[in-house]
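What the coordinates show
Each chain, written out:
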Amino acid sequence: MHTRLTKEEALDLMKNADLNTLGRMASARKKELHPKGITTFVIDRNINYTNICWVDCKFCAFYRHEKDADAYVLTFEEIDAKIDELLEIGGTQILFQGGVHPKLKIAWYEDLVEHIHVKYPSITIHGFSSIELDFIAKVSRITIEEVLTRLKAKGLASIPGAGAEILSDRVRDIIAPKKIDAEVWVNVHRQAHKLDIMSTATMMYGTVESDEDIINHFDMIRNLQDETGGFRAFIMWSFQGKNTELLARIPDMEKPSSNRYLRLLAVARLYLDNVPNIQSSWVTQGPYIGQMALRFGANDLGSTMMEENVVSSAGAAYSMAKEEMIHLIQDIGEIAARRNTAYETLEFFECAQ
Ligand code: SF4
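Here goes a summary of the coordinates provided. (Residues numbered from 1 in each chain as written. Predicted model: local features only at pLDDT ≥ 70, side-chain atom pairs only at ≥ 80, totals over all residues. Heavy atoms only, no water.)

What follows covers the pairing of strand 11 (residues 345-349). One ladder, built from four bridges, connects strand 10 (residues 335-339) with strand 11; its direction is antiparallel. Its bridge partner lying in strand 11, R339 is registered against T345. (Pairing = 2+ DSSP bridges. Helix = DSSP H or I, 4+ residues; strand = E, 2+ residues; numbered from the N terminus.)

Here it is, written out as structure tokens:
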């Protein structure tokens, strides 16, 4: 039986343990949680229904203002066309997020979710970040609980962890001053979990946070998970700077190394002992570090990613087909399997060798 890491122990590991030891420790923990050596992935598609956003995060290259020439809100027909393409490749999930549009209210979102859910019942809508949900509540003058209840009734199934960045108001005040406070992010997820809407937790590191901030971030997630058990997975990635205001302001900001990614991932696997799944972020780290992450605690390769607009606007330009994903998993000696949003296995893939 494992003993739970304290914050001090986790910080010590993060700062002082060698990478080899961290990999071994995280792999041992992963094996306890996933003894069959199965690495999963999901076939899904990001749909960014709008790029209009008033939050102006300094690390973001995706958002536009309403009057910008390339600002958009997708029509239902455009969304349908994207889902049709996803169905053709066997997809089961859409990761559905904005922009935080300044004017769209709950009724618009209800129509949208209902439209997708009725027309595409086999597609799971994994959508709307905490800040979108919080703002829909504000602009519609209703509570978060009502937003969640109404969207769930129309077919919203699951909520992504986006917008967590680093759960420290000191860091958030620098990189995203208009974004919700850390406690609000936590509370939206708490409310969702209470309504039986499961979610994921995320972290974007590599800006102005300290190691202590990262451990506090892990701790907030672990505490909420102790309370609700509603997080299915944890996903972390590094700040992608290209085209962002933050990099323009702090041009000598150092890009986090691959070693740093693996180090933090291993400590996450060890600290978040109550979160069952850890996703590797090959979209930001590239396929080979994404594969290596499977030796540092990750048990899921995330999505084949047909379309990704947010981090690709900021310079992350990797894409991967299903066959490549299966190959990477098998190449490191694990069993490849396709999963759904709930991390249930849908299909295993035979090793070709
Ligand atoms: S990260 Fe999200 S909330 Fe922030 S500016 Fe970009 S689209 Fe808006």
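A few words on the site of the ligand. Around the ligand, the surrounding shell consists of C53, V55, D56, C57, F59, C60, Y63, G99, V100 and K179. For the shell around the ligand, the residue count by class is seven nonpolar, one polar and two charged. (Near = heavy atom within 4 Å. Nonpolar A, V, L, I, M, F, W, Y, C, P; charged D, E, K, R; others polar.)

Interaxial distance between helix 2 (residues 19-33) and helix 11 (residues 258-271) falls to 9 Å at its minimum, and their mutual angle equals 40 degrees. On the basis of the axis angle, helix 2 is oblique to helix 11. Read as a crossing pair, helix 2 and helix 11 show a hand that is left-handed. Mapping the contact onto sequence places L19, L22, M25, A26, R29, K30 and L33 in helix 2 and N259, R263, A266, V267, R269 and L270 in helix 11. Here the contact of helix 2 with helix 11 is built from residues that sort into eight nonpolar, one polar and four charged. (Axes fitted to C-alpha atoms, helices over the stretch in contact; angles between N-to-C directions. Parallel < 35°, antiparallel > 145°, perpendicular 65-115°, else oblique. Left-handed = near helix turned anticlockwise from the far one by under 90°. Contact = heavy atoms within 4.5 Å.)

Looking now at the pattern of salt bridges. In total, this model carries 24 salt bridges according to the counting rule given. The salt bridge involving K30 is made with E334; its shortest N-O contact spans 3.2 Å. Placement of the pair is K30 in helix 2 and E334 in the loop between helix 15 (322-331) and strand 10, with a sequence separation of 304 residues. For the residue pair K30 and E334, the accessibility class agrees, reading buried in each case. Here D300 makes a salt bridge to R339, at a shortest N to O gap of 2.6 Å. (Salt bridge = Lys/Arg side-chain N within 4 Å of Asp/Glu carboxyl O. Buried < 20%, exposed > 50% of the residue type's maximum accessible area, 1.4 Å probe, protein only.)

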